[in-house]
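Fold and geometry: a report
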Amino acid sequence: MFKTFTILFSLITFQSLAQVVLEANNTRATFYGEGSLFLDSTNFGTGYEFPKDSSTSVIYSAGIWVAALDQDSSLHAAISLFSSDWSKGPISDDYNSSYYISTFTQPFKITRDQVNYHVANYTAAGYIPDPAIANWPGNGNTSEGVAAQLAPYVDVNNDQIYDPMDGDHPYFQGDEAVLIIFNDEANPHLASGGEKIGVEMHLLFYQFQDADQDVNNTTFLNAKLFNRRDTNYIAIHFGFWTDFDIGLAQNDFVGSDSLRSMVYGYNGTSSEGGPGTFASNPPACGIKFLNHQANGALYHNIGGGTTGDPNNAGDYYNYLNNKWQNGQPTMYGGNGFNTSTGGPTNWMFGSMPNDTTGWSEVTEMNPVGDRRMLLSSSEQVFNAGDEICFDMALLVNNEANDYIGNAVALYGTADNIQSFYDNSIQQCSQIFLSNEKYEDLDVKVYPNPNQGIFTIQSSEIFDYVIYNLKGQIIQQGKNMVQNTLINLDIESGIYILQVTSGNKVKQHKIQIIK
């Protein structure tokens, strides 16, 4: 990894970095609690390694871009490029209190082993929860203006109070997870120069250790945006920006796929040389929306100019709307700007790189370079109190043993991961009872513990989902009658039952003993 660029240090406010590593599978993602994901902005070290323990990386830096128009059509923006408008922690009335500083100094890491041990032992005499369990920010300090419910958790006694000694524990999917909470309100927006939005962002990254190679090479992301203030926005745009560096920074190509809502980076050469590079078989890396159809994909060049690094809130807003800095739409063919051969398109280099009749960096015979890519959402209304949720996946493929073949094979990886998400992951919602948006549902479950056969009793027609502690779906049903017999052919353990009826919800911890 070699990178050369100049940064105006007077425009960047550095916070002390607390390094947290997510490494349950074949990738290693390092987080520093800043708005710039995977990047140590003090030492400019990269933090998305693949394969794990190889000292080679596929992403140099990434970040969340959000731009919104209020009811007066005034532009608000919060972005992360290499500097960031985002600050650590949730929206608050006091960002300098001892509570706030001590609670939100770093990302929160949790593992499945920690949760499993807690579930099995919290009732034991003299039990002390692991700090990862005890310090999980399930509740906020409302006296300081922090939301009552923050990080997702399983609320065993349904009292809306996160208390590990009641058996409560963090809820996350996968074998390991890292939660980062940001806001755009605490500090000036020196990166974009845009007006503040008043948005709180929760990023929950998680990984599965899995026999499926694609799953084992993937990091999932659940991203939630909360409008904690009183401003209504007529349009808000969300984007995930990535500086792909597949080993060496200066020899990459990028592409996109509209059907899969995916952008990706791949090497423009078959091999590299030097420390931190791929001597052979450089992989391809992709970013994919799982629960939203993306609006478009735009690349930009390093440095200045109309197609270069954005400079102000208007530039970021244009890029999120698939326009160059001068407002011109991205165009099909050539470089998408002044050498295009077709009409407007939202998807830059949107053909497979082995498609000789399509549009890719390979067919254009572009010179390799240091590429940045933005995957953006369609605009949505974002009123006071609203929440918007995005599920995403960070993909890698090196199975084709060829730099172009790996990019093509990434399409299959994307399909496999989408299927895994659709069938095995709870989709973009929190599985914790302590949420003021929901009313309590009168549900009885008996017997409990059981051998896998039990009854769900409710006075209303209901839907149900049963999860294991990894958050994977075991069984589900819709429009069930008031007394429903459940028969689970699963191994002994603890499972979560969620029952919903309209705006009512109830959860139970189910213990299977065989």
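Computed from a predicted model, the values in this text were never measured in an experiment. (Residues numbered from 1 in each chain as written. Predicted model: local features only at pLDDT ≥ 70, side-chain atom pairs only at ≥ 80, totals over all residues. Heavy atoms only, no water.)

Quick look at the overall build of the protein
Looking only at helices and strands, one finds six helices and 28 strands in the protein. Its C-alpha atoms give the protein a radius of gyration of 23 Å, near enough to 24 Å, the size a compact globule of 514 residues would have. Projected onto the principal axes, the alpha-carbon positions of the protein cover approximately 70 × 50 × 40 Å. Buried positions account for 59% of the 514 residues belonging to the protein. Taking the contacts inside the protein whose residues are at least 6 apart along the sequence as the reference set, 66% of them involve residues at least 24 apart. When the accessible surface of the protein is summed, it comes to about 19200 Å², and 47% of that surface belongs to carbon and sulfur atoms. (Helix = DSSP H or I, 4+ residues; strand = E, 2+ residues; numbered from the N terminus. Rg over C-alpha atoms; globule rule 2.2 N^0.38 Å. Buried < 20%, exposed > 50% of the residue type's maximum accessible area, 1.4 Å probe, protein only. Contact = heavy atoms within 4.5 Å. Areas by Shrake-Rupley, 256 points an atom, 1.4 Å probe, with all protein chains shown as cover.)

Some points on the packing of aromatic side chains
The geometry of an aromatic ring pair is captured by the separation of the ring centres together with the interplanar angle, meaning the angle of the planes. Under the defined criterion, the tally for this structure stands at 32 aromatic pairs. Their ring planes at 35° and their centres at 5.9 Å tell us that phenylalanine 220 and phenylalanine 420 sit as a pair that is tilted. Residue phenylalanine 220 is found in strand β12 (residues 219–227), and its partner phenylalanine 420 is found in helix α6 (residues 403–424); the two are separated by 200 residues along the sequence. Note on accessibility: phenylalanine 220 and phenylalanine 420 belong to one class, buried. When the centroid spacing of 4.1 Å and the interplanar angle of 10° are considered together, the rings of phenylalanine 238 and phenylalanine 390 count as stacked. (Phe/Tyr/Trp six-rings, centres within 6.5 Å; stacked < 30°, edge-to-face > 60°.)

Concerning the sheet that holds strand β26 (residues 483–487)
Ordered by their spatial adjacency, three strands build an open sheet running β22-β23-β26, and the pairing between neighbours is antiparallel. Edge strands, defined here as strands with exactly one partner in the open sheet, are β22 (443–446) and β26. Taking the axes of each pair of neighbouring strands and ignoring which way they run, one obtains an average angle of 20° across the sheet. With four bridges connecting them, β22 and strand β23 (residues 453–458) associate as antiparallel partners. Bridge pairing in β23 links tyrosine 446 to threonine 455. (Pairing = 2+ DSSP bridges. Axes fitted to C-alpha atoms, helices over the stretch in contact; angles between N-to-C directions.)

Overview of the side chain of serine 501
Tracing the chain through its elements places serine 501 in strand β27 (residues 493–501). Accessibility expressed as a relative area gives 12% for serine 501, which makes it buried. Within polar-contact distance, the side chain of serine 501 engages the side chain of glutamate 460 at 3.1 Å. The residues touching serine 501, leaving out its near neighbours within four places in the chain, are Leu441, Glu460, Ile461 and Phe462. (Polar contact = N/O pair within 3.5 Å; in protein donor to acceptor, adjacent residues only side chain to side chain.)

Some details on the nonpolar core
Within the largest apolar cluster, 74 residues are counted, with the highest numbers of intra-cluster contacts made by Phe38, Ile59 and Leu203. With 10 residues, the top contributor of residues to this core is strand β4 (residues 57–70). Leave out the neighbours within four places in its chain, and leucine 203 touches Leu37, Ile64, Val178, Leu179, Ile180, Phe182, Leu221, Asn222 and Ala223. Within the second largest apolar cluster, 51 residues are counted, among which are Val115, Ile133, Ile404 and Leu469. (Core = buried A, V, L, I, M, F, W, Y, C linked by side-chain atoms within 4.5 Å.)

Description of the pattern of salt bridges
This model, assessed by the stated rule, comprises 16 salt bridges. For aspartate 53, the salt bridge is made with arginine 28, and the minimal N-O distance between the two is 2.7 Å. Of this pair, aspartate 53 sits in the loop between β3 (48–49) and β4 while arginine 28 sits in strand β2 (residues 28–31); the two residues are 25 residues apart in sequence, bridging distant segments of the chain. Judged by relative accessible area, which is 60%, aspartate 53 ranks as exposed. Among the residues examined, arginine 28 registers a relative accessible area of 19% and is labelled buried. Where arginine 260 meets aspartate 257, a salt bridge forms, and the shortest distance between an N and an O atom there is 3.2 Å. Taken together, the shared-partner salt bridges in this structure form one network comprising Glu23, Arg28, Glu49 and Asp53. (Salt bridge = Lys/Arg side-chain N within 4 Å of Asp/Glu carboxyl O.)

With respect to the pairing of strand β10 (residues 176–183)
Where burial is concerned, most of β10 is hidden: eight out of the eight residues are buried. Burial along β10 is two-sided: Glu176, Val178, Ile180 and Phe182 facing one way and Ala177, Leu179, Ile181 and Asn183 facing the other are all buried. Here strand β6 (residues 87–88) pairs with β10 via two bridges, running antiparallel. If you follow serine 87 over to β10, its bridge partner there is asparagine 183. Alignment of strand β7 (residues 108–111) against β10, held across four bridges, turns out to be antiparallel. Bridging across to β10, lysine 109 finds its partner in valine 178. The pairing of β10 with strand β11 (residues 199–207) spans eight bridges and is classified as antiparallel. Each residue of the ladder has a partner; that of phenylalanine 182, found in β11, is methionine 201.

Describing the environment of serine 258
For serine 258, the position within the fold is in the loop between β14 (252–257) and β15 (262–267). Note: C-alpha distance between serine 258 and asparagine 346 (88 residues apart in sequence) is 8.7 Å. In this structure, serine 258 is in contact with Gln293 and Trp347, ignoring residues within four places of it in sequence.

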